[in-house]
Amino acid sequence: MERDNHQEGEAQGVKICGPPSASNPPGDTLATSLSLLGNHLFPDAVKRNNSASINKEETADSLSSDVSAEEQSLDAEHISNQLTELETEETQNSECHNNVSTQQSDGGSEEAAADNDQSDSGEFVVTMLAKAKLEEQGIGVKGRSSPLLEAGTQESPAFISHRDEDVTAESWRQHRKHIFVLSEAGKPIYSRYGSEEALSSTMGVMMALVSFVQSGDNIIRSVYSDGHTVVFLQKGPLVLVCVSSSRQSERQLRGELLYVYYQIISMLTQASISRIFEHKKNYDLRRLLAGSEKILDGLLNLVDSDPSFLLAAVHCLPLASSLRDSLSQILLKAITPNLVFSILIANNQLLTIVQEKTVIEDTRLEPADVHLLLNLIGASSAFQAGEIWTPICLPLFNPDCYFYAYISYLDPPECTVCLLLLSTDKEAFYAVAECKRKIEEAMAAQNSLSLIAKVQSYSVSQVGVSDLRHFMYKPFDVPDNYRQLTQFTSPEMEAPYGSDEEKMRLLDLYRYMHSRIHSTSRPLKLIYHVAERETLLAWVTSKFELYTCFSPLVTKACAITAITKLLRWIKKEEDRLFIRYPPKYSTTPNPSKSSRGGKSDQQDSTDNGFLSLL
């Protein structure tokens, strides 16, 4: 069940074909605008489709659901009673339609300006230790830029080839998914493939199309052409566009655009971006994001290959509950005032997290914020250089302010176990570094690093269910007073999904099932889907969300029996698979003040170097 803050503005589409008017622009004029964009992105499709229609979006509340599904029984012993509610589907090719989906405006524009009392706090800094080590690797700290941005300056050959790719070549058009970011003035900010300069005219056409539809009091949301889906998302002064040839739904693609937006916000804050474009609407934001392309590229690679983003959940490393508890206690004994989160990560998976109880009374750390942190840490080997102290914005926690992140690997040179400490005090580096020293000493005394090194993800064969190839399980039955992260568990992908192509194909099938389960027009509780090479079953209840993949000859009855056994195994192993009760601590009477927008800290640092660049 996708979080509302990841899928904003979703509404049911109603097709309206009426005479041209101010709110319903002529079809031929709109088609002309589309052809300018289409000639570059998918020229053949536009030539074959000469007409376009407008879909105006109404609010979801005004439309009745096509189906009403009663909540299924939560007892695994009674799964067999659900057979009559399964929907059998055969793989089929759907026809492509060339239409434009727009949403009727509510009479006002989205707030782009941030409150004066919620200016971003702190300027980009890095400790002298980290700075020296980064400079030794040829990564100097330049001007007022952040190590977040500097981390992306060491480019791999593959990364450079993407930046230098010829945007007029057929190979450029054949990419599975393009992502573009531009400003309201049509200034290019980011492109996943090809340089922004070479795509400036294309982005200008995109912005013209957005403005053209806005002139009719509508908001363009998507364009469907032969084999392609184009999704638009406007967040304040930024416009994000996705052009995809995958089977993903519009809702899923819009969620990926939100992740790109959140990653940009994590480096600059929403308040800074709004203030910059208020002063100068045609400002080139690339000046502040220079070097961050690798971070954005890495995020999009993760979105394509990691189901965590699809499920909006965090993947925990399976760990014996005794070891996880001992690690949590080590973190609990190494705290300092204004320390909000202490997080241990291994192999890009969560080991444990302890959190300030006063902060989580206001709000909780969302999976999307953790995904951004994990992507940042894995974006470059520069973070393995030493102790990094840098501001980082958590967009879903508070998009206008910074936390101050202490990042350090505990097991050099392997660099698989990373410690991440988040504080609200920009002057707390030495106090937080002392916490890290205490954690290292305690882990050495308990031989924790060697125990962690032996931990591996589990195989689907350990479940003991025949014909089960893979599954993804996301629990919902978590005590709300703990306000913990949404988590999921999944085994390693094994044969026949060993190759990258087969892994992507299975993920595409999961995405298709996910889109059917969470369809806004006809949501389903249970789906039994027979594909060409496998059989899949998806089931969502108030307590969990489950996606399973079986061998192709498995029947409905066998799949139901297998799921019964799987749920029993997960229940037995849940203390090892999940963080059930994250520890909490208290350091100060109100440690969340600066992170939630306290005036005193922000007024001291309202000029963080951004406006001086204008």
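What to know about the overall build of the protein chain
From N to C terminus, the protein chain includes 20 helices and 21 strands. In the protein chain, which comprises 614 residues, the proportion classed as buried is 57%. Within the protein chain, counting contacts between residues at least 6 apart in sequence, those at least 24 apart form 72% of the total.

Re the pairing of strand β12 (residues 349-356)
Two faces, one strand: in a regular strand the side chains alternate between the faces of the sheet. Along β12, 8 of the 8 residues are buried, which leaves the element largely enclosed by surrounding structure. With 6 bridges connecting them, strand β11 (residues 339-346) and β12 associate as antiparallel partners. Within β12, the position partnered with F341 by the bridge is Q355. Between β11 and β12, which pair antiparallel and follow one another directly, the connecting turn spans 2 residues, one of which, N347, has a positive phi of 50 degrees.

Observations regarding the side chain of T535
Summarising the element assignment, T535 is placed in strand β19 (residues 535-540). Using a relative accessible area of 1% as the deciding quantity, one classes T535 as buried. One polar contact links the side chain of T535 to the main-chain carbonyl oxygen of P552, over a distance of 3.1 Å. The residues touching T535, leaving out its near neighbours within four places in the chain, are Y528, H529, T548, C549, F550, S551, P552 and V554.

Quick word on helix α16 (residues 429-445)
With 17 residues, α16 should cover 24 Å at 1.5 Å per step; its first-to-last C-alpha distance of 25 Å lies within 8% of that length. Listed in full, the buried residues belonging to α16 are F429, V432, A433, C435, K436, I439 and M443. In an axial view of α16, the angular spread of the buried residues amounts to 150 degrees, which keeps them on one side of the axis. In α16, the exposed residues that point more than 90 degrees away from the buried face are Y430, A444 and A445. Buried residues in α16 make contact with α13 (321-332), β13 (388-392), β14 (403-409), β15 (417-423) and α17 (448-453). Just past α16, the residue N447 takes up positive phi, approximately 60 degrees.

Quick notes on the pattern of salt bridges
Once the charged atoms of two side chains with opposite charge are near each other, the side chains can pair. Applying the stated criterion to the full structure yields 19 salt bridges. Residue R437 is joined to E434 by a salt bridge in which the shortest nitrogen-to-oxygen separation is 2.2 Å. Placement of both R437 and E434 in helix α16 is noted, with a separation of 3 residues, approximately one turn of the helix. Note on R437: relative accessible area 36%, which makes it partly exposed. The partly exposed category is assigned to E434, whose relative accessible area is 30%.

Regarding unusual backbone geometry
Of note, the amide linkage connecting P412 to P413 takes the cis form, showing an omega dihedral of 5 degrees. If you trace the backbone, P413 turns up in the loop between β14 and β15. In the segment running from A495 into P496, the intervening peptide bond is cis, with an omega of 10 degrees. Examined against the element boundaries, P496 turns out to sit in the loop between β17 (487-488) and α18 (500-517). At A312, a position not held by glycine, the phi torsion is positive, near 55 degrees. Residue position: A312 is located in the loop between α12 (307-311) and β10 (314-315). The phi angle at N447 is positive, at roughly 60 degrees, despite the residue not being glycine. Since its relative accessible area comes to 46%, N447 is described here as partly exposed.

Overview of the confidence of the model for the protein chain
The pLDDT averaged across the protein chain works out to 76; a share of 67% of its residues lies at or above 70. Taken as a whole, residues 45-147 scores under 50 in pLDDT and shows 251 contacts with residues more than four places along the chain or in a different chain. In this model residues 589-614 is a low-confidence stretch, pLDDT under 50, and it forms 68 contacts with partners more than four residues away in sequence or in other chains.

Quick word on the packing of helix α11 (residues 293-305) against α18
Viewed as axis vectors pointing N to C, α11 and α18 meet at an angle of 75 degrees, and their least axial separation amounts to 9 Å. Taken together, the axes of α11 and α18 are roughly perpendicular relative to one another. Across the interface between the two elements, V303, D304 and S305 of α11 pack against M504, L507 and R511 of α18. Grouping the constituent residues of the contact of α11 with α18 by class yields 3 nonpolar, 1 polar and 2 charged.

Some points on the packing of α13 against α16
At a minimum axis separation of 9 Å, α13 and α16 run at an interaxial angle of 150 degrees. Here the hand of the crossing between α13 and α16 comes out right-handed. Judged by residue contacts, L327, I330 and L331 of α13 engage I439, A442 and M443 from α16. Tallied by class, the residues present in the contact of α13 with α16 amount to 6 nonpolar, no polar and no charged.

Re the nonpolar core
With 97 residues, the main nonpolar core has V260, I264, L285, F341, I407 and L422 as its most contacted residues. Here this core gets 11 residues from one element, more than from any other, and that element is helix α8 (residues 250-268). Grouped together as the second largest cluster of nonpolar side chains are 25 residues, V460, L537, W539 and V554 included.

Rules and cut-offs
Residues numbered from 1 in each chain as written. Predicted model: local features only at pLDDT ≥ 70, side-chain atom pairs only at ≥ 80, totals over all residues. Heavy atoms only, no water. Helix = DSSP H or I, 4+ residues; strand = E, 2+ residues; numbered from the N terminus. Buried < 20%, exposed > 50% of the residue type's maximum accessible area, 1.4 Å probe, protein only. Contact = heavy atoms within 4.5 Å. Pairing = 2+ DSSP bridges. Polar contact = N/O pair within 3.5 Å; in protein donor to acceptor, adjacent residues only side chain to side chain. Expected span 1.5 Å × (residues − 1). Arc of directions from axis to C-beta. Salt bridge = Lys/Arg side-chain N within 4 Å of Asp/Glu carboxyl O. pLDDT = per-residue confidence, 0-100. Axes fitted to C-alpha atoms, helices over the stretch in contact; angles between N-to-C directions. Parallel < 35°, antiparallel > 145°, perpendicular 65-115°, else oblique. Nonpolar A, V, L, I, M, F, W, Y, C, P; charged D, E, K, R; others polar. Left-handed = near helix turned anticlockwise from the far one by under 90°. Core = buried A, V, L, I, M, F, W, Y, C linked by side-chain atoms within 4.5 Å.

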